[in-house]
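Chains, contacts and geometry: an overview
Below, each chain spelled out in residue letters.
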Amino acid sequence: MNPLNLSEIWNYRHACKAFDPAKPLPQEALLEILEAGRLSASSFGLEPWKFLVIQNQEMRQRLVPACFNQPQIATCVELIVILIRKNLRPDSPYVLEQFSRWNLPHEALQGILSWYGGYISSMDDRALVDYADKQAHIALANMMTCAASKGIDSCPIGGFDPKKCAQILGIDETLFAPALLLPLGYRAKEPSPKIRLPFDEVVSFIS
Ligand SMILES: Cc1cc2nc3c(=O)[nH]c(=O)nc-3n(C[C@H](O)[C@H](O)[C@H](O)COP(=O)(O)O)c2cc1C
């Protein structure tokens with residue numbers, strides 16, 4: 001496949017419903033897709049995520065019903081689960097570690113922590129999870145775009161039972177929650193034409 005320009009990439013990407021299970025992904029492409037997630041922007045640079053690549057077939061099979069039997073989970077050739085971090089309070093070891101990377105003098109670090117603390121002070125635990133969830137969607141979008149740029153298909157999956165998935169993945173639920181799944185592979189058939197609102201309906205130039 002010839003390299004695509006960005007506009008072609010946006011049009012190539014679609015929510016792929018069924019993958020060709022016989023076509024594996026090149027390893028370097030998978031790593032680059034993960035790198036697109038890792039390098040994504042996040043609020044305060046907190047990177048409140050982890051990316052699990054589920055290559056254990058038994059675990060993959062158990063995830064299928066936890067994702068309401070969506071065929072993408074059963075047919076994809078690689079499956080990324082995006083986890084979000086739950087405790088993003090300023091006194092959590094994770095947050096302290098992230099801000100410490102800035103190598104600031106002690107007082108400046110305290111200042112940043114207090115600024116961040118003020119920023120999230122109105123968020124209850126649910127809102128804080130939603131805050132992390134928003135960041136996860138940026139990583140998701142970048143990974144999908146990266147995949148499409150290589151002619152690799154994907155489908156964002158928000159339709160799953162978070163409790164069941166967390167149990168199957170065996171994650172520490174006090175620290176992490178599954179936010180999204182991203183099955184990858186090559187399309188089994190061509191998608192239907194894109195359905196989108198007209199440009200003028202979603203864009204307004206305010207002068
Ligand atoms: C956050 C999010 C969650 C989604 N969850 C699912 C899902 O669980 N299953 C699915 O088939 N598609 C899912 N989609 C895909 C959308 O349905 C799809 O992007 C939309 O219909 C537009 O189609 P297109 O992406 O093919 O252009 C999700 C999309 C987003 C952004």
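Coordinates for the structure precede this section.
Residues numbered from 1 in each chain as written. Predicted model: local features only at pLDDT ≥ 70, side-chain atom pairs only at ≥ 80, totals over all residues. Heavy atoms only, no water.

**A short note on the overall build of the protein**
Counted only if it meets this: The way it works is that DSSP assigns letters per residue, a run of H or I at least four long becomes a helix, a run of E at least two long becomes a strand, and they are numbered from the N terminus. Only protein chains enter the accessibility calculation, which uses a 1.4 Å probe. A residue is then buried if its area is under 20% of the maximum for its type, exposed if over 50%, and partly exposed in between. In this tally, Lys and Arg are treated as positive and Asp and Glu as negative; His is ignored, and so are the chain termini. One atom stands in for each charge, and that atom is NZ of Lys, CZ of Arg, CG of Asp or CD of Glu.
Within the protein, the secondary structure is distributed over nine helices and four strands. The order of α-helices and β-strands along the protein, N terminus first, is α-α-β-α-α-β-α-α-α-β-α-β-α. Projected onto its principal axes, the C-alpha positions of the protein cover 55 × 55 × 30 Å. For the protein, with 207 residues in total, the buried portion stands at 43%. Where the 20 positive side-chain charges of the protein centre and where its 22 negative ones centre are 4 Å apart.

**Re the packing of aromatic side chains**
Heads up, the rule is: Pairing of aromatic rings covers Phe, Tyr and Trp, the last through its six-membered ring, and needs centres within 6.5 Å; plane angles under 30 degrees mean stacked, over 60 mean edge-to-face, and all others mean tilted. In this scheme, the term charge over a ring applies when either NZ of a lysine or CZ of an arginine sits within 6 Å of the ring centre and within 35 degrees of the ring normal.
One pass over the full model with this rule turns up eight aromatic pairs. A centroid spacing of 5.3 Å and a plane angle of 70 degrees characterise the contact between Phe 44 and Trp 115, whose relative ring orientation is edge-to-face. Here the residue Phe 44 occupies a position in the loop between helix H2 (27-38) and strand E1 (49-53), and Trp 115 occupies one in helix H6 (residues 106-120), the gap between them amounting to 71 residues. Given the relative accessible area of 56%, Trp 115 is considered exposed. A connected cluster of aromatic rings, assembled from ring pairs, spans Phe 44, Phe 99, Trp 102, Trp 115, Tyr 116, Tyr 119 and Tyr 131. Above the ring of Tyr 94, the side-chain terminus of Arg 85 is found at 3.7 Å from the ring centroid.

**A look at the pairing of strand E2 (residues 78-85)**
Inclusion rule: Note on pairing: DSSP must find at least two bridges between two strands before they are called paired.
Of all eight residues that make up E2, eight are buried, and the element is covered over most of its length. Burial along E2 is two-sided: the face carrying Glu 78, Ile 80, Ile 82 and Ile 84 and the face carrying Leu 79, Val 81, Leu 83 and Arg 85 are both buried. Relative to E2, E1 runs antiparallel, the two being bridged by five bridges. Each residue of the ladder has a partner; that of Val 53, found in E2, is Ile 80. Relative to strand E4 (residues 176-185), E2 is paired through eight bridges, and the arrangement is antiparallel. By the bridge assignment, Ile 80 is partnered in E4 with Leu 182.

In short, shape yes, function no, at least from these values alone.
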